[in-house]
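An overview of the molecular structure
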Amino acid sequence: MTQTIEIERDYAVPLDRLWRALTTPHLIAEWLMPNDFQPKTGHAFQFRMEPSAWWNGVTDAEVLDCTPMTRLSYTWNSSGDEAANGLKTVVTFTLTPLPQGVRLRLEHAGFREDQARNFQGARMGWDRNLGTLATVAERD
Amino acid sequence: MPDLLFKALSDPTRRAIFERLRRDGALAVHDLTTGSGVSQPAVSKHLGVLRAAGLVSGMDQGRQVIYRAEPAALAPLTDWMRHYSDFWPARLDALDDLLKRMDQ
């Protein structure tokens, strides 16, 4: 059993502009994370953030689908020595033209249930660490 | 594996030992014992449980073992779903900002 995060947003911009923001490395870096993405199915790449005590900061990814103006999908996995017990997920962006703009649907699928539970009892300072991460993410 | 982690982290003394190693780097048993109010055999036993869970590694150095924290072992306990439930909305806001800037 796995769980999925689903979010929809409407953007009042031309389709090709949103597609460029999703598939151009320096633009992806501006809204998401530094990366070495290429818009080619099968391309393996990484997202990189500052490492923290609980995370090496690296996300391994591989392009699964890159259908211009329509659909972008890549794996989103934990990296290095965190890979064995870490995330094995897939992120998919689906674009649908609207009369004025584009609807963007984001699906992040494959969260294992044991990773989705709320481990309050054992969490210690992790919420604090996540807070720091969020701050870093905002700054980037 | 997560069960071993849970067990290891369920005890406040073990959490304290793990946090101390995470903060101060590599330490021997007597460093961890000094001033802790816990006996050395008890600290050694806790270190054994932490080691079994992969949270701590030990390296023989002469006659003593030097312990260090292995935070990567926490990876399976990270609440990724919650993390990304907060992460993506913030990123999609940033995407909105970027799209507006690309207009100019």
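The structure we're discussing is the one just above.
Here goes a summary of the coordinates provided. (Residues numbered from 1 in each chain as written. Chains lettered and ligands numbered in written order. Predicted model: local features only at pLDDT ≥ 70, side-chain atom pairs only at ≥ 80, totals over all residues. Heavy atoms only, no water.)

Focus on the overall build of chain B
What counts, and what does not: Here a strand is any run of E in DSSP of at least two residues, a helix any run of H or I of at least four, and the numbering for each starts at the N terminus. Any residue under 20% of the maximum accessible area for its type is buried, any over 50% is exposed, and the rest in between are partly exposed; the area is computed with a 1.4 Å probe on protein chains only. Every accessible area reported is derived by Shrake-Rupley at a probe size of 1.4 Å, with residue values counting cover from the shown protein chains alone.
Scanning chain B for helices and strands turns up 5 helices and 3 strands. Residues counted as buried form 42% of the 104 residues belonging to chain B. Per element, the accessible surface of chain B, about 5200 Å² overall, is 50% carbon and sulfur.

Here's the deal with the side chain of Thr75 of chain A
Residues and elements named next belong to chain A. Heads up, the rule is: We define a polar contact as two N or O atoms separated by no more than 3.5 Å, with the added condition that, inside protein, one atom must be a possible hydrogen donor and the other a possible acceptor, whereas residues neighbouring each other in sequence contribute only through side-chain atom pairs. Two residues qualify as a contact provided that any one of their heavy atoms is within 4.5 Å of a heavy atom in the partner residue.
Mapped onto the fold, Thr75 is located in strand 4 (residues 71-78). Looking at Thr75, its side chain comes within polar contact range of the main-chain nitrogen of Glu62, at 2.8 Å. Setting aside residues up to four positions removed in sequence, Thr75 forms contacts with Asp60, Ala61, Glu62, Leu64, Thr89 and Val90.

Some words on the packing of helix 2 (residues 12-24) of chain B against helix 4 (residues 40-52) of chain B
Residues and elements named next belong to chain B. Applicable threshold: Orientation is described by lines fitted to C-alpha atoms, with helices fitted over the stretch in contact, and by angles between N-to-C directions that extend from 0 to 180 degrees. Any angle that falls under 35 degrees is termed roughly parallel, while one over 145 is termed roughly antiparallel, one within 65 to 115 roughly perpendicular, and all others oblique.
Viewed as axis vectors pointing N to C, helix 2 and helix 4 meet at an angle of 75°, and their least axial separation amounts to 10 Å. The angle between helix 2 and helix 4 places the two elements in the roughly perpendicular class. Between helix 2, through Thr13, Arg14, Ile17, Phe18 and Leu21, and helix 4, the contact on the second element is made entirely by Val43, His46, Leu47, Val49 and Leu50.

Some thoughts on the sheet that holds strand 4 of chain A
Our working rule: For two strands to pair, DSSP has to find at least two bridges joining them.
Spatial ordering of the open sheet is given by 1-6-5-4-3-2 (chain A), a layout of 6 strands whose pairing is antiparallel. With partners counted over all chains shown, the strands left at the sheet margins are strand 1 (2-11) and strand 2 (44-48) of chain A, one partner each. Strand after strand, the sheet turns through a mean of 25° between neighbouring axes, direction not considered. Across 6 bridges, strand 3 (residues 58-67) of chain A lies against strand 4 of chain A in antiparallel orientation. Its bridge partner lying in strand 4 of chain A, Val63 of chain A is registered against Tyr74 of chain A. With respect to the sheet, helix 5 (residues 80-102) of chain B is in contact with strand 1, strand 4, strand 5 (88-98) and strand 6 (101-112) of chain A, its orientation differing from that of strand 1 of chain A by roughly 15°.

Some thoughts on unusual backbone geometry
Of note in the backbone geometry, Met69 of chain A takes a positive phi value of approximately 65° without being a glycine. Within the secondary structure, Met69 of chain A is located in the loop between strand 3 and strand 4.

Observations concerning the packing of aromatic side chains
The line we're drawing: Pairing of aromatic side chains requires ring centres within 6.5 Å, counting the rings of Phe and Tyr and the six-membered ring of Trp. Pairs whose planes differ by under 30 degrees are stacked, by over 60 edge-to-face, and all others tilted.
All chains considered together, the criterion is met by 18 aromatic pairs over all chains. Between Phe37 of chain A and Tyr74 of chain A, the aromatic rings sit 6.2 Å apart at their centres with planes inclined by 65°, giving edge-to-face as the arrangement. Here the residue Phe37 of chain A occupies a position in the loop between helix 2 (25-31) and strand 2, and Tyr74 of chain A occupies one in strand 4, the gap between them amounting to 37 residues. For Phe37 of chain A, a relative accessible area of 2% translates into the label buried. Since its relative accessible area comes to 1%, Tyr74 of chain A is described here as buried. With 5.2 Å between their ring centres and 80° between their planes, Tyr84 of chain B and Phe87 of chain B make a pair best called edge-to-face. With Tyr84 of chain B and Phe87 of chain B both in helix 5 and 3 residues apart, this pair spans about one turn of that helix.

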